[in-house]
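Below are the chains, spelled out letter by letter.
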Amino acid sequence: MKYRFYFGFFAAVLLVCDCSKVESRIIQEVSEFEVVEPPSDFRLSSLCPSGWKQEKEYCVINYQYVNSLEKNGGLGQTLPQVKLDPQVIDLGRYLFFDPILSGDKQLSCAHCHHPAYSLSDGRSQSMGKDGKGYGPTRSGGVILKRSAPSLWNVIYMKNLFWEGRASNLEDQAEGPLYSPEEMGSSKEIIESRLNEIPFYQKMFRQAYGTKGKKISAPLVIDAISTFEKSLVSFSSRFDKWSTGEKEALSPEELLGYNVFRSFVARCAECHPPPMFTNNVFATIGVLDRTERDYGRETITGQELLRGSFRVPTLRNIAKTAPYMHSGNLETLEDVVNFYNEGGGRGNGAPSDLRIHWHVRKMGLNKNEITSLVAFLKTLNDEANMPKFPKSVPSGLPVALEFESYHHRSSIK
Ligand code: HEC
Ligand code: HEC
């Protein structure tokens, strides 16, 4: 049924469309992976990405606004200052967007951590292998158990994945790459494919010098992790307000911030600035969709941690709906209502969960709820969104082309 629709659509477009560019892309979709020759001038950028500044040959984070939070006692700890090589960041960016890393050459990291969805995918549960497209309209593939977190500020996360099964980005990357439900790749596939692509040979040598002569899976993972570390966001209106730009927040948003840090709502105890996470695990009693998710308990075996998950960052939260590990709260209003009703306690969570004592009925009124939501929106800042490469060294179609494909199919 679905196929008939697609082929019918292709035929219609081929008949009516006079623009050769669109036509060739559609043919590429049908014949699956016909390779487009990428431009011959692939060169890695030696400029630091937005949000970073050059220090000798490295990039360091430009803590424009956050420093003052540190001074004002909002933090009580120094933020890490890492040095990243700009060319390695750029190489990681190409790898992140290139479906060549997946077993069937269809799925890139960016399909589920997409710029259009603030480095998440807009789905309640991600869709892995055999899916087509990306974002909420991705269809036909394996449904994963959980939602995709956005990757903003992952450099500051001490535990990765919802239940914290990885503690650094290097270990984390092996998860999606080698999982048969996701990218279904292997060390051997990655190494043999990339070593055959002249553009990648050139780029790895450029980024890593002689170490990059032979492309190895650890180098690929190093480059992707370096790119992920560059995804920082802390120039939101909230940050501007924190450094003294008092007009950056409206009275309603300020009321919302006061609710956020009040002893009634207690949001800031688990989601403290500047990263809006305390990096620990907590049980708030979010309901699962289908199968029960035991969260952190599956890692430590402690019943006490049943259904507990890593406290997520709230940076860019307004851009990454739906919410929670199971993606079952659609909007920020739904999230605030969930907490206001007592979290899992008020929403029928299983009785064997030890829900955190800070999560209980709050009795916030309508005005306080709206203000709290307005405050959460002040944490938006996508100024450092990475540039989407128009083409990648493998020549395979990137998720952007699927977008134009979906766009066309919806305007048919
Ligand atoms: C099929 C969709 C999909 C693909 C492809 C995918 N991810 Fe993910 N990603 C997810 C989901 C879902 C989670 C949460 C999984 C969990 O917690 O069990 C996740 C979690 C993560 C996290 C942890 C973030 C955090 O805050 O804990 C990072 C980092 C990450 N992915 C990076 C990558 C990289 C790098 C790639 C490519 C090598 C990739 N992802 C490919 C869906 C995907
Ligand atoms: C006891 C610690 C704790 C408190 C207090 C708390 N949170 Fe959370 N928050 C969490 C945890 C843990 C999750 C993830 C739970 C899950 O996915 O099952 C979460 C998830 C969220 C999410 C969804 C994040 C995402 O990426 O999907 C939002 C939004 C949020 N909290 C806002 C708030 C607000 C607003 C308050 C105050 C009303 C608050 N939180 C109070 C621990 C807490």
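Residues numbered from 1 in each chain as written. Chains lettered and ligands numbered in written order. Predicted model: local features only at pLDDT ≥ 70, side-chain atom pairs only at ≥ 80, totals over all residues.

Description of the site of ligand 2
Among the 25 residues in the neighbourhood of ligand 2, the closest are listed as C267, C270, V286, Y323 and H325. Elements supplying a minimum of two residues to the shell around ligand 2: α12 (267–270) and α14 (332–340). Its residues assigned to classes, the shell around ligand 2 comprises 18 nonpolar, five polar and two charged. (Near = placed C-beta within 6 Å. Helix = DSSP H or I, 4+ residues; strand = E, 2+ residues; numbered from the N terminus. Nonpolar A, V, L, I, M, F, W, Y, C, P; charged D, E, K, R; others polar.)

With respect to the pairing of strand β1 (residues 52–55)
Both β1 and strand β2 (residues 58–61) contribute to a ladder of four bridges, which runs antiparallel. Counted as the bridge partner of W52 is I61 from β2. Between the antiparallel neighbours β1 and β2 lie two residues, among them K56 with a positive phi of about 55 degrees. (Pairing = 2+ DSSP bridges.)

Side note on the confidence of the model for the protein chain
Averaged over every residue, the pLDDT of the protein chain is 86; the share at 70 or more is 84%. Counting contacts from residues 1–35, a segment whose pLDDT is below 50, to residues more than four positions away or on other chains yields 18 contacts. pLDDT under 50 marks residues 404–412. Its contacts with residues more than four places away, or in other chains, come to six contacts. (pLDDT = per-residue confidence, 0-100. Contact = placed C-beta atoms within 7 Å.)

Notes on the nonpolar core
Judged by nonpolar contacts, the single largest core of 51 residues is most densely connected at L91, L95, V220, A223 and I224. Sorting the residues of this core by element identifies β2, α4 (86–97), α5 (109–112), α6 (169–178), α7 (187–195), α8 (198–208) and α9 (217–229) as the ones contributing at least two each. If we skip the residues at most four places from it in the chain, I224 touches G92, L95, F96 and A173. (Core = buried A, V, L, I, M, F, W, Y, C linked by C-beta atoms within 7 Å. Buried ≥ 20, exposed ≤ 12 C-beta atoms within 10 Å, placed from the backbone.)

Re the site of ligand 1
Among the 26 residues in the neighbourhood of ligand 1, the closest are listed as C109, C112, F161, W162 and P176. For the shell around ligand 1, the secondary-structure elements that each account for two or more residues are α5, α6 and α9. When residues in the shell around ligand 1 are grouped by element, the largest group, five residues, is from α6. Class assignment of the residues belonging to the shell around ligand 1 gives a composition of 18 nonpolar, five polar and three charged.

Section: the environment of N380
By the secondary structure assignment, N380 is in the loop between α15 (366–377) and α16 (399–411). On the basis of neighbour count, N380 is assigned to the partly exposed category, with 17 C-beta atoms found within 10 Å. With 61 residues separating them in the primary sequence, N380 and K319 have C-alpha atoms 7.5 Å apart. Those residues in contact with N380, other than ones at most four positions away along the chain, are S236, N316, A318 and K319.

Details of α14
Every buried residue belonging to α14 is among L332, V335, V336, F338 and Y339, and all of these are buried. Taken around the axis of α14, the buried residues stretch over an arc of 155 degrees, which confines them to a single face. Its buried side turned inward, α14 meets α15. Looking one or two residues past α14, G342 carries a phi angle of roughly 100 degrees, positive in sign. (Arc of directions from axis to C-beta.)

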